[in-house]
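Notes for the structure review
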Amino acid sequence: MGSNSGATERSMKYILVTGGVISGVGKGIISSSLGVILKSHGYRVSAIKIDPYINIDAGTFSPHEHGEVYVLDDGGEVDLDLGNYERFLGVRLTRDNNITTGKIYKQVIDKERLGSYLGKTVQVIPHITDAIMEWVARVAKIPVDNSGKQPHICIIELGGTVGDIEGMPFAEAFRQFQFRVQSHNFFNVHVSLVPEPKSTGEQKTKPTQNGVRELRTSGLSPDLVVCRSETALTASTKAKLSMFCQVTPEQVIDVHDVTNIYHVPLVLYNQNVLKIIEERLKLHEISDHCRAQMTTSIEHWRNLANICDRFHETVRIALVGKYVQLEDAYTSVIKALKHAAIHVNRKLIIDFINSEDLEENHRSEKPANYYKAWSQLTSAEGVLVPGGFGERGIEGKITACKWAREHNIPFLGICLGMQCAAIEFARNVCGINGANSTEFSKNLVGKEQQIVIDMPEHSPEEGRGMGATMRLGRRTSVFLTTHSKLYALYDSKLSISERHRHRYEVNPALVPMLARKGLHFVGMGVDEGSNNLTVIDEVRRTDSSSALLKLAADNVAIKDQTIADLLDKIDELCHKGGTGTDRTAVRMEIVELKNHPYFVGVQFHPEYLSSPMKPSPPFLGLLLGASKQLDGFLNGTRVPSPMTLLGGSMSSAMIIPRAKSASSSTEELSPLSKTAP
């Protein structure tokens, strides 16, 4: 099977992950971890997340209710669990890898309006269930890695808990699907909670028993029962679960709380989960060619998990945001910080600061919150201002930018955070009273006050609404100079590609003025004009975007540029006619403050492409700066990678039995072990 890239639907393997007792039990991490141990053995793995809510996608969700909106390369706004899949598995998913009830019903209703059902009564069974099965079978085959080949296995996570009314059509669809693809191609993992009330100190199995009973009622039988618990399952608990859930003791998998999530794949592997899956799905030997393409092994995860438990020195980062009451609102940002901390050899401490608490009116209205917030900000070794929407808390974010700028504290502003940094600089360095964003003040009097403006082509149109109207997805940014810390952190690449989610931008008309005062816009991006364009249309390309693309292709032209050359280039690009009238077609993507240890703003969201093996460069720079290692790093004295120190070399890693050692070097694992650019 391993060498057969043209596999039929029947030879595709499907692993369905369901949940019982409560939501949020850890199905996403379990799904990702299953993928890790399969991929570490050489199998190509894809993933699908099913969210039974009626929304079309996650784009209009409140961060307070649902957590962050994760953005994919194609601009899909999806559930944050897809971020876990991408980070753990090193894959690139599409918007179709996130299925919602809204998407399924819309597809069926659209077909009904077209007459595709030939006058038949459209019902949940068979039309909705058929649509679900067809969607899963189609998306499971889409290549998601650099091989460009069809995956061997697709892991499907069904959100919510078994028995939820919203999830019933999906449960029924998979009841039918297991017979459509044949039983040896379908595997069900049921994740449940085994609570341990402090009043009794005893592990309770009844919730899991009831959950499995509900699962069987829906027509599905678990091949594994994964039990989440605070402490390791006792032998008696495991025996009881085996008896009443009608599975063997080996099929009851204990996943108790661990010190960090990188232990979870190891916990599963150590309980022979890989062997159980291989035998049940009749997985074949993977070809030598597939093994040769492996980049990580189970030993890398073992080293990674151990590394994260052994840090002694700390680094403290203040995260100044609007949604800090729910950490899930910043899931990818937090994980990107943790990834960077691993590679700078530090234990990460994050102080979550509500940006409203930094505002002056809170000194009298909420003094306890005010002084706590300021104490956290002033004691931080680095400051991060993430993205967001709306006016609430903006002045607090701007205040945090000012503190970092004036006190030479390493700073990273993302999306709205970069815009706040530009507004603060305009007010306090350029002396523009009332400088602001048109997002927060539609009645700004002077043109020079409009530091941040809307992008008309990405604003909600009448009748279209708010969903999927922003500048979304992966876009290219071009460095205008080599005199840039971020340029060095990106391994001296003149152009980079990162994911975006915004509908406002720093005003290009005012950028030359800001730049000449010391806020250098060292990177710009082409405005493609449409979320659906993957290649710039020559007809639509404008003077400014053409000049920028030409610059990106001319490596020699900017190598010896001075700061004066940079300022002239900014002037030229920002004054070219973008629409043929009065607007440039380049976007302000990267800003760095002159004569500051590390003051960086990016319009894109670098956190979406960060992973534990390859941290995001802007986050890595922030952590290096906060831990006083940035100068040495940029000057060529590379920080020794903890992955190297603990023997995480790819060349010496031991692969799971039946797979050969990968031949990649340590350099692929950690950028800190490379020579200086």
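Residues numbered from 1 in each chain as written. Predicted model: local features only at pLDDT ≥ 70, side-chain atom pairs only at ≥ 80, totals over all residues. Heavy atoms only, no water.

1. Comments concerning the nonpolar core
Side chains of a nonpolar character, in soluble globular proteins, are inclined to be buried together. Leu337, Leu377, Leu384, Ile451, Phe521 and Leu623 are the most contacted members of the largest nonpolar core, which has 94 residues in total. The leading source of residues in this core is helix α17 (residues 416–428), at 8 residues. Once residues within four sequence positions are removed from consideration, Leu623 is found in contact with Val315, Ile317, Leu337, Ala340, Ala341, Val344 and Leu348. Grouped together as the second largest cluster of nonpolar side chains are 54 residues, Leu34, Ile37, Tyr85 and Phe311 included. (Core = buried A, V, L, I, M, F, W, Y, C linked by side-chain atoms within 4.5 Å. Buried < 20%, exposed > 50% of the residue type's maximum accessible area, 1.4 Å probe, protein only. Helix = DSSP H or I, 4+ residues; strand = E, 2+ residues; numbered from the N terminus. Contact = heavy atoms within 4.5 Å.)

2. Some details on the confidence of the model for the chain
In this model, the chain carries a mean pLDDT of 84, and residues with pLDDT of at least 70 account for 82%. Across residues 645–677 the pLDDT falls below 50, and counting only partners more than four positions away or on other chains, this stretch makes 91 contacts in the model. (pLDDT = per-residue confidence, 0-100.)

3. Here's the deal with the side chain of Arg587
With respect to the helices and strands, Arg587 occurs in strand β20 (residues 586–593). For Arg587, a relative accessible area of 2% gives the class buried. Among the polar contacts made by the side chain of Arg587, one reaches the side chain of Glu505 at a distance of 2.7 Å. (Polar contact = N/O pair within 3.5 Å; in protein donor to acceptor, adjacent residues only side chain to side chain.)

4. Some points on helix α13 (residues 331–343)
Here α13 contains 13 residues, and its C-alpha end-to-end distance of 19 Å stays within 8% of the 18 Å for a straight helix at 1.5 Å per residue. The buried fraction of α13 is high, at 12 of 13 residues. For α13, the set of buried residues is Thr331, Ser332, Val333, Ile334, Lys335, Ala336, Leu337, His339, Ala340, Ala341, Ile342 and His343. (Expected span 1.5 Å × (residues − 1).)

5. Some remarks on the pairing of strand β8 (residues 224–229)
Among the 6 residues in β8, 6 count as buried, and that is most of the element. Side chains Leu224, Val226 and Arg228 of β8 all project onto a buried face; the interleaved residues Val225, Cys227 and Ser229 project onto the opposite face, where all are buried too. Where strand β7 (residues 186–193) and β8 come together, 5 bridges link them in parallel fashion. In the sheet register, Ser192 faces β8, and the bridge partner there is Cys227. Crossover connection from β7 via helix α7 (residues 206–217) to parallel β8: handedness right-handed. One ladder, built from 5 bridges, connects β8 with strand β9 (residues 252–256); its direction is parallel. (Pairing = 2+ DSSP bridges. Right-handed = clockwise from strand over helix to strand, strands pointing away.)

6. Some words on unusual backbone geometry
For the bond from Ile125 to Pro126, the omega torsion is 20°, close enough to zero to count as cis. Although it is not a glycine, Asn595 sits at a positive phi angle of roughly 60°. Checked against the element boundaries, Asn595 lands in the loop between β20 and β21 (599–602). A relative accessible area of 70% places Asn595 in the exposed class.

7. Things to note about the sheet that holds strand β15 (residues 450–454)
Judged by pairing direction, the sheet is mixed, and its 3 strands sit side by side in the order β14-β15-β18 without closing on themselves. Bordering the open sheet on either side are β14 (436–437) and β18 (504–506), each of which pairs with just one other strand. In the sheet, β15 pairs with β18 via 3 bridges, with the strands oriented antiparallel. Paired with Ile453 across the bridge in β18 is Glu505.

8. Quick look at a nonpolar patch on the surface
A contiguous nonpolar surface patch, about 330 Å² in accessible area, is contributed by Tyr105, Ile109, Val124 and Ile125. Elements with a minimum of two residues in the nonpolar patch: α4 (101–113) and α5 (124–140). Of note, Val124 is situated in helix α5. (Patch = residues over 30% accessible without salt bridge, like charges linked within 9 Å, V, L, I, M, F, W, Y side chains within 5 Å. Areas by Shrake-Rupley, 256 points an atom, 1.4 Å probe, with all protein chains shown as cover. Salt bridge = Lys/Arg side-chain N within 4 Å of Asp/Glu carboxyl O.)

9. Structural notes on the packing of aromatic side chains
Inspection of the entire model under this criterion finds 15 aromatic pairs. Residues Tyr14 and Phe177 carry aromatic rings whose centres are separated by 4.8 Å and whose planes lie at 80° to one another, so their mutual orientation is edge-to-face. In this pair, Tyr14 is assigned in strand β1 (residues 13–19) and Phe177 in helix α6 (residues 168–180), connecting sequence segments 163 residues apart. A relative accessible area of 0% means that Phe177 is categorised as buried. Considering the side-chain rings of Tyr370 and Trp374, the 6.4 Å spacing of their centres and the 55° angle between planes classify their relative orientation as tilted. Residue Tyr370 and its partner Trp374 are located together in helix α15 (residues 367–379), separated by 4 residues, close to a single helical turn. Classification of Tyr370 by relative accessible area gives buried; the value is 5%. Through a chain of ring-to-ring contacts, three or more aromatic side chains come together here, namely Tyr14, Phe174, Phe177 and Phe186. The ring of Trp135 carries the charged tip of Arg138 above its face, separated from the ring centre by 5.3 Å. (Phe/Tyr/Trp six-rings, centres within 6.5 Å; stacked < 30°, edge-to-face > 60°. Lys NZ or Arg CZ within 6 Å of the ring centre and 35° of its normal.)

10. Quick word on the packing of α13 against helix α22 (residues 617–626)
Their axes nearest at 8 Å, the elements α13 and α22 cross at an angle of 55°. Overall, the two elements α13 and α22 adopt an arrangement that is oblique. As for the relative orientation of α13 and α22, their crossing is right-handed in sense. Counting all contacts with α13, which are made through Val333, Ala336, Leu337, Ala340, Ala341 and His343, the residues of α22 involved are Phe619, Leu620, Leu622 and Leu623. Class assignment for the residues of the contact of α13 with α22 results in 9 nonpolar, 1 polar and no charged. (Axes fitted to C-alpha atoms, helices over the stretch in contact; angles between N-to-C directions. Parallel < 35°, antiparallel > 145°, perpendicular 65-115°, else oblique. Left-handed = near helix turned anticlockwise from the far one by under 90°. Nonpolar A, V, L, I, M, F, W, Y, C, P; charged D, E, K, R; others polar.)

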